[in-house]
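# Notes for the structure review
One letter stands for each residue in the lines below.
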Amino acid sequence: MPTSDAHATITAAGFTLAGSFPENDPAAGLEETLRLFEYAEELGLQVAGIRQRHLERGVSSALTFLAAATQRTRTLRLETAVVPLGYETPFRLAEDFATVDALSGGRVNAGVSSSAPHGDLLGPLGRTDGDTALDPYVLIARFLEALEGRPLADEDIYTPYGPQTPRVQPHIPSLRERVWLGGGSLRSVRWAAERGLKLLLGNVTSSENEAPFEIAQRVHIDEYHERFSGPGSPAVGVERVILPLDSATAAQREHYTAYAAARDERTAGTFLGHVFQRDLFGTSEQIIERLRDDPAIDGLTELRIALPYAFALDDYRQILSDIRYAVLPQVGWSPAGTPARDAVLEATAVA
C-alpha cells in the first residue's frame, strides 16, 4: 500500500483548466486554449485536461474541444476533467469518447463524474427518461458497459457496410481502462476502486471527523488502493492550484497575490463537511517544500496543475514554465519526449 514520503516523486504531471473566451469572440479564447495545449506538449508535460462548464464562458463541450486538440498535439494525453454524467446519455457519450480517442491515436483519458451542475436550470432541458430519482452511478455503469462493447444482440445487424456486431463504434477495447472518475467522497472513491477505474481528486474533498484536507485526501487515496480491483491498473491524479512567482512580472505578481488572498478565507474553512486545499503560492522553493510535505505525493500519484479561471494566456505560460523548470525537477519528475528535445527546451528557457 502506498504511503506518504517527504521525498517521493511525481510520476506524471499536467494541467487542467476550464478555458475562457470573450462573449463576442469565443473563437479567440478557444484558440488560445488550444495553443496552451501545444505549449504543454513542448514543455514535456504528460497530460492536459479541459473542464466541462455549463452556462459559463468556458468550454461547454469537452470532447468537441479535445477533438480539435487531437489535431494540434501528438503525444500529450488529452483528458476530460470532467464530463458530468447528469446530462448525458451514456451510449451516445461512449460513441463520442471512442471517436475522439480514435482521432487521438489512443491518447484520451475519459474523465467523468456523477454530478449535474445547475440542475435547477438545466433539469428541464436534460434527459427525458422521466426518472428524476435515477442514481447517477447507474449512468456511469451504463457508460462503462457501452465502452466495453458487449454485443447488444445475439445476431449481427445489417448495415450499408455489411453485417456488423451491434455495439458502440468505433470499438476501442482499451478505452474502458482509461476511464477516470472525478471523486471527492468516500462513496465515489470506493465505487471507482471496485470497478477498476482510475481516480481524479480535486482540491476539495469530504472529510470524516473534520480532518484537515491533506489527511482526508490521503485516507481516500489509501482506501482506493486497498479496494482496487481490475480491469487495468490503479492510478490517482490530484489537482493543486499552484502560482509560482519566480519569473512573474510586477503586474502578474500583483494579480496572483490578489487572487490568492481572495481565495484564502474560503480555502481555510469547512463547508458542509468538505475541506479545501490551500493554494500553493509563492517562490519555487516554497512550492517545492509544500509538495514534499504533501502526503498525496507518494511516488505513484500524478499531478494536475489546476489553472485559475480567466487568466491571460501569458499568465498560464509563465505559471506552467516556472513549474516545469523550477519546481517539478526538484520533486523527481522527468519530462516526456526525447533527451535531445528536452535539452533544446532547457537551453531556450535559460536564454
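Look a little higher up for the structure.
This report concerns the structure included in the present document. A quick note: this is a predicted structure, and the numbers were derived from the prediction, not measured.

### With respect to the side chain of Asn109
- In this fold, Asn109 is placed in strand E5 (residues 108–113).
- Residues within four places of Asn109 in sequence aside, it is in contact with Val47, Arg77, Leu78, Glu79, Thr80, Phe97, Arg178, Trp180 and Arg304.

### Some details on the layout of surface pockets
- Size it by volume and the largest pocket reaches roughly 1,000 Å³.
- Surrounding the largest pocket, 38 residues form its lining, Arg51, Arg53, Val82, Val204 and Glu239 being those nearest its centre.
- Elements with a minimum of two residues in the lining of the largest pocket: strand E8 (179–183), strand E9 (198–201), helix H8 (250–268) and strand E14 (274–276).
- Among the elements that make up the lining of the largest pocket, the one with the highest residue count is H8 (four residues).
- Split by residue class, the lining of the largest pocket holds 16 nonpolar, 16 polar and six charged.

### Here's the deal with the environment of Pro244
- For Pro244, the location among the structural elements is in strand E12 (residues 242–244).
- Distance in space between the C-alpha atoms of Pro244 and Asp294 is 17 Å, their sequence separation being 50 residues.
- Ignoring sequence-local partners within four residues, the contact set of Pro244 consists of Tyr256, Gly282, Ile287, Gln318, Ile319, Asp322 and Ile323.

What counts, and where the lines are drawn
Residues numbered from 1 in each chain as written. Predicted model: local features only at pLDDT ≥ 70, side-chain atom pairs only at ≥ 80, totals over all residues. Heavy atoms only, no water. Helix = DSSP H or I, 4+ residues; strand = E, 2+ residues; numbered from the N terminus. Contact = heavy atoms within 4.5 Å. 1 Å grid on protein atoms, 1.4 Å probe; cavity = no way out; pocket = protein on both sides within 12 Å on 5 of 7 lines; lining within 4 Å. Points joined across faces, edges and corners; volume = space filled by probe spheres on them. Nonpolar A, V, L, I, M, F, W, Y, C, P; charged D, E, K, R; others polar.

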